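Descriptive structure summary
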Amino acid sequence: STLKGRIKTLSAASAAQNLAIFLKTRVTDIVDEDTINVLDYDVLAEARQLYEEVLDARQELLADTHPDLVATKFSMAELMVALGENDAANELREEIVKSYDVQEVDGSEEGK
């Protein structure tokens, strides 16, 4: 990983995330998930590397519920789905929900 540890500021993280979004969108808007070829996969792998770097930096610099950190996790989960990594994407989505300490409420308890 040539970028590992190179993203140190929130500005650099924002720029890297924008590039990752561009790369992801370039592939996923052109082809569907069933027809991703080797070149497309390489582009998605590059986007994933960027997301991982952004995630590392933002986790170090921001609170768990900061909108930029949540956006990075959500976008990375979308990318994982495009790569066929549905279980990992769901784990990341669950991490987002847990960071907000969301509790399920039984509907029968409403109004008490």
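Analysis parameters
Residue indices follow the written sequence of each chain, beginning from 1 at its first position. Reporting of local features is limited, given that this is a predicted model, to residues whose pLDDT is at least 70; pairs of side-chain atoms are given and counted only at 80 or more, and all residues count toward the totals for whole chains, interfaces and linings. By convention in this description, side-chain values take in all heavy atoms of the structure and omit both hydrogens and water. Counting from the N terminus, the helices are DSSP H or I runs at least four residues long and the strands are E runs at least two residues long. Relative accessibility thresholds used throughout: buried, under 20% of the residue-type maximum; exposed, over 50%; partly exposed, between the two (1.4 Å probe, protein chains only). Here, residues are in contact when the closest pair of their heavy atoms is within 4.5 Å. For accessible areas, the Shrake-Rupley method is used with a probe of radius 1.4 Å. Any residue's cover is judged against the shown protein chains and nothing else. Buried Ala, Val, Leu, Ile, Met, Phe, Trp, Tyr and Cys residues that are joined via side-chain atoms within 4.5 Å together make up what is termed a nonpolar core.

Some details on the overall build of the protein chain
When helices and strands are counted, the protein chain shows four helices and zero strands. Along the protein chain, from the amino end to the carboxyl end, the secondary structure elements read α-α-α-α. Of all 112 residues assigned to the protein chain, the portion counted as buried reaches 31%. At a minimum sequence separation of 6, the contacts of the protein chain that also span at least 24 residues come to 60%. Accessible surface, the protein chain: about 7300 Å² in total, of which carbon and sulfur atoms supply 51%.

Comments concerning the environment of Leu10
Take Leu10: it is sitting in helix α1 (residues 10-28). Residues Leu10 and Arg58, spaced 48 residues apart in sequence, show a C-alpha to C-alpha distance of 7.0 Å. Aside from chain neighbours lying at most four places away, what touches Leu10 is Arg58, Leu61 and Leu62.

A look at the side chain of Lys24
In this fold, Lys24 is placed in helix α1. Take Lys24: its relative accessible area is 7%, and that puts it in the buried class. Excluding residues within four positions of it along the chain, Lys24 makes contact with Leu44, Ala47, Tyr51, Ser75, Glu78 and Leu79.

A look at the nonpolar core
With 24 residues, the main nonpolar core has Ile7, Leu44, Met76 and Leu79 as its most contacted residues. Sorting the residues of this core by element identifies α1, α2 (38-61), α3 (67-82) and α4 (86-99) as the ones contributing at least two each. In terms of residue count, the dominant contributor to this core is α2 (eight residues). Other than its neighbours up to four places away in sequence, Leu79 contacts Lys24, Leu44, Ala47, Arg48 and Tyr51.

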